[in-house]
Amino acid sequence: MATLTAAKRLVIKIGSALLVDRESGALRDEWLKALAADVAWLKGQGKDVVLVSSGSIALGRRVLNLPQSDLALEQSQAAAAVGQIRLARAYQEALNPYDITTGQVLVTLEDSENRRRYLNTRATLNQLIGLGVVPIVNENDTVATDEIRYGDNDRLAAQIAVTVGADQLILLSDVDGFYSANPQQDSSALRFDIIEHITPQIEAMAGEGVSGLSKGGMVTKLMAAKMAIAGGCTMAITEGSVMRPLTALEKGANATWFLAQSDPHQARKRWIHSMKPRGEITVDAGAVTALHAGNSLLPAGVSTIKGAFGRGDPVAILGPDGHKLGQGLSRYTAAEALQIKGHRLEQIEDLLGYSGRGALIHRDDMAL
């Protein structure tokens, strides 16, 4: 069974039904304070934590006196605009006593589909994490359309987990795991402790959620699990309404763990290796030695550039003899790479007219 203390980087997803009282529409302050204590406990062990939190629409609809029933798109966007401010402030106030800095990151599912926007999101999140910040991620519901109508933060949380290379994703939900049927409708339903493979039989067991605030049902949680484990991230579904839900999970609370078959680093390398290259970068002998030692590819070690590729596109890396060493994601366009090849990092700004991004291909974005 997986344990939280074994993880190095965790993404925690918080559903609206946990954060906002269904009857009053008010924030559950005491529960949030208890969650903050859990986050501080994990941070105190040197772990990276990212929170993906629903709740902005649920909080905003109360302030605007909007109905609890389904809202029109424009009403949802207005509620999100009002509620997002309150949501971010609530997390800031809850974590501040532990001297934990929070940062708000608003994204949409589309941000992970556009390569440039994906890289920008990844860079921002990794920078925040590196500075010790706990990012509070939510969908940008004030401008999103399909995300509000059909979206959910289960899949968004899985995408964020893969983006930041998390090794665990915890979905705090209104159910304590994945069941063979809806336990509120079928008393004979059985909960799975561990799922190693998501089979068609498992998918057929998924039912929809019953919460009046949460959009994500068990179908979306399975979709999130598929995404997470493909990225090398183990995922758990557990009951989140208890005080200190993460501590409870560590102590053996009911949960279903979806086990990844590899770690995030290996999964990312396989993903990069499987992509069709858009160009070629030939390096010198010194660069070959540096790459095999685990270093990033610097412009100084590049001799030739071929192809028309953009930032974030996959490119083949060739040795001086033309033999393919591997491939990686370029941090520059082909035009920029041509300008800076063979030059030192401190020369990049003079060559391009703006500060560059350091390595041509970062070692984390390379598969040899």
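All figures in this text were calculated on a predicted structure; none of them were measured in a lab.

Rules used in this analysis
- Residues numbered from 1 in each chain as written.
- Predicted model: local features only at pLDDT ≥ 70, side-chain atom pairs only at ≥ 80, totals over all residues.
- Heavy atoms only, no water.
- Helix = DSSP H or I, 4+ residues; strand = E, 2+ residues; numbered from the N terminus.
- Rg over C-alpha atoms; globule rule 2.2 N^0.38 Å.
- Buried < 20%, exposed > 50% of the residue type's maximum accessible area, 1.4 Å probe, protein only.
- Contact = heavy atoms within 4.5 Å.
- Areas by Shrake-Rupley, 256 points an atom, 1.4 Å probe, with all protein chains shown as cover.
- Lys, Arg positive; Asp, Glu negative; His and termini not counted.
- Charge placed at Lys NZ, Arg CZ, Asp CG, Glu CD.
- Pairing = 2+ DSSP bridges.
- Axes fitted to C-alpha atoms, helices over the stretch in contact; angles between N-to-C directions.
- Expected span 1.5 Å × (residues − 1).
- Arc of directions from axis to C-beta.
- Phe/Tyr/Trp six-rings, centres within 6.5 Å; stacked < 30°, edge-to-face > 60°.
- Salt bridge = Lys/Arg side-chain N within 4 Å of Asp/Glu carboxyl O.

S.K.: Help me understand the overall build of the protein, please; the structure alone is not making it clear to me.
M.R.: Check the secondary structure of the protein and you find 15 helices and 15 strands. Relative to the 2.2 N^0.38 estimate, which gives 21 Å for 368 residues, the radius of gyration of the protein is 22 Å and therefore close to what a compact globule would have. Put simply, the protein has 368 residues, and 52% of those count as buried. Contacts spanning at least 24 positions in sequence make up 73% of the contacts within the protein whose residues lie at least 6 apart. Total accessible area on the protein stands at roughly 16,700 Å², and carbon and sulfur atoms take up 49% of it. Taking the average location of the 37 positive side-chain charges in the protein and that of its 40 negative ones, the two points are 4 Å from each other.

S.K.: Which parts of the structure should I look at to understand the sheet that holds strand 14 (residues 324–329)?
M.R.: Sheets are built from strands that pair by backbone hydrogen bonding, the pairs being arranged parallel or antiparallel. Sheet architecture is open: five strands sit in the order 12-11-13-14-15, paired in mixed fashion. Only two strands of the sheet have a single neighbouring strand rather than two, namely strand 12 (302–307) and strand 15 (366–367). Judged from the five bridges that link them, strand 13 (residues 314–318) and strand 14 form a sheet pairing that is antiparallel. Residue pairing for strand 14: P314 is matched across the bridge by L329. Helix 12 (residues 264–274) rests against strand 14 and strand 15 of the sheet, and its axis sits at about 105 degrees to strand 14.

S.K.: Can you walk me through unusual backbone geometry in this structure?
M.R.: A negative phi angle is the norm for most residues apart from glycine, just as the trans form is the norm for most peptide bonds. Unusually for a residue other than glycine, N65 sits at a positive phi of about 60 degrees. Mapped onto the elements, N65 comes out in the loop between helix 3 (56–63) and helix 4 (73–95). Classification of N65 by relative accessible area gives exposed; the value is 70%.

S.K.: In this structure, what is going on with helix 6 (residues 115–130)? I would like to understand it.
M.R.: Spacing of three or four residues puts side chains on the same side of an α-helix, whose turn is 3.6 residues. Its 16 residues place the ends of helix 6 22 Å apart at the C-alpha level, agreeing with the 22 Å of an ideal helix rising 1.5 Å per residue. For helix 6, the full list of buried residues reads Y118, L119, T121, R122, L125 and I129. All buried residues of helix 6 lie within an arc of 160 degrees about the axis, which places them on one face of the element. Looking one or two residues beyond helix 6, the residue adopting positive phi is G132, at roughly 85 degrees.

S.K.: Just checking my understanding: could you explain the packing of aromatic side chains for this structure?
M.R.: Note on aromatic pairs: each is described by the distance of the centres and the angle between the planes. Counted under the stated rule, the structure contains three aromatic pairs. Ring centres of F178 and F192 lie 5.9 Å apart, and the angle between their planes is 45 degrees; on these two criteria the pair is classed as tilted. In this pair, F178 is assigned in strand 6 (residues 178–179) and F192 in strand 7 (residues 191–192), connecting sequence segments 14 residues apart. Residue class for F192 comes out partly exposed when judged on its relative accessible area of 24%. Here the aromatic rings of F178 and F258 are separated by 6.4 Å at their centres, their planes lie at 75 degrees, and the arrangement is edge-to-face. In this pair, F178 is assigned in strand 6 and F258 in strand 10 (residues 255–258), connecting sequence segments 80 residues apart.

S.K.: Any chance you could explain the pattern of salt bridges here in plain terms?
M.R.: Close approach of charged atoms allows side chains with opposite charge to pair. Overall, the coordinates contain 11 salt bridges when judged by the stated rule. The shortest N-O distance in the salt bridge between D48 and R9 comes to 3.0 Å. Residue D48 is located in strand 2 (residues 48–53), and its partner R9 is located in strand 1 (residues 9–14); the two are separated by 39 residues in the primary sequence. Just as D48 is buried, R9 falls in that class too.

S.K.: Sorry if this is basic, but what is going on with the sheet that holds strand 9 (residues 234–239) here?
M.R.: Strand order across the open sheet formed by eight strands is 3-4-2-1-5-9-10-8, with mixed pairing between neighbours. Only two strands of the sheet have a single neighbouring strand rather than two, namely strand 3 (102–107) and strand 8 (194–195). In the sheet, strand 9 pairs with strand 10 via four bridges, with the strands oriented antiparallel. Residue pairing for strand 10: T238 is matched across the bridge by A255. Lying on the sheet, helix 4 is in contact with strand 1, strand 2, strand 3 and strand 4 (134–139); it crosses strand 3 at an angle near 150 degrees.

S.K.: Just checking my understanding: could you explain the environment of L246 for this structure?
M.R.: Within the fold, L246 resides in helix 11 (residues 245–250). Along the primary structure L246 and A37 are separated by 209 residues, whereas in three dimensions their C-alpha atoms are 9.5 Å apart.

S.K.: Help me understand the pairing of strand 1, please; the structure alone is not making it clear to me.
M.R.: It is a general feature of regular strands that their side chains alternate between the two faces of the sheet. Burial analysis of strand 1 places six of its six residues in the buried class, the great majority of the element. Two elements, strand 1 and strand 2, share six bridges in a ladder whose sense is parallel. Bridging across to strand 2, I12 finds its partner in L51. As paired strands, strand 1 and strand 5 (residues 168–173) are joined by five bridges and run parallel to one another. Looking at strand 5, one finds that L10 is bridged to Q168.

All quantities given are derived from atomic positions and should not be read as evidence of function.
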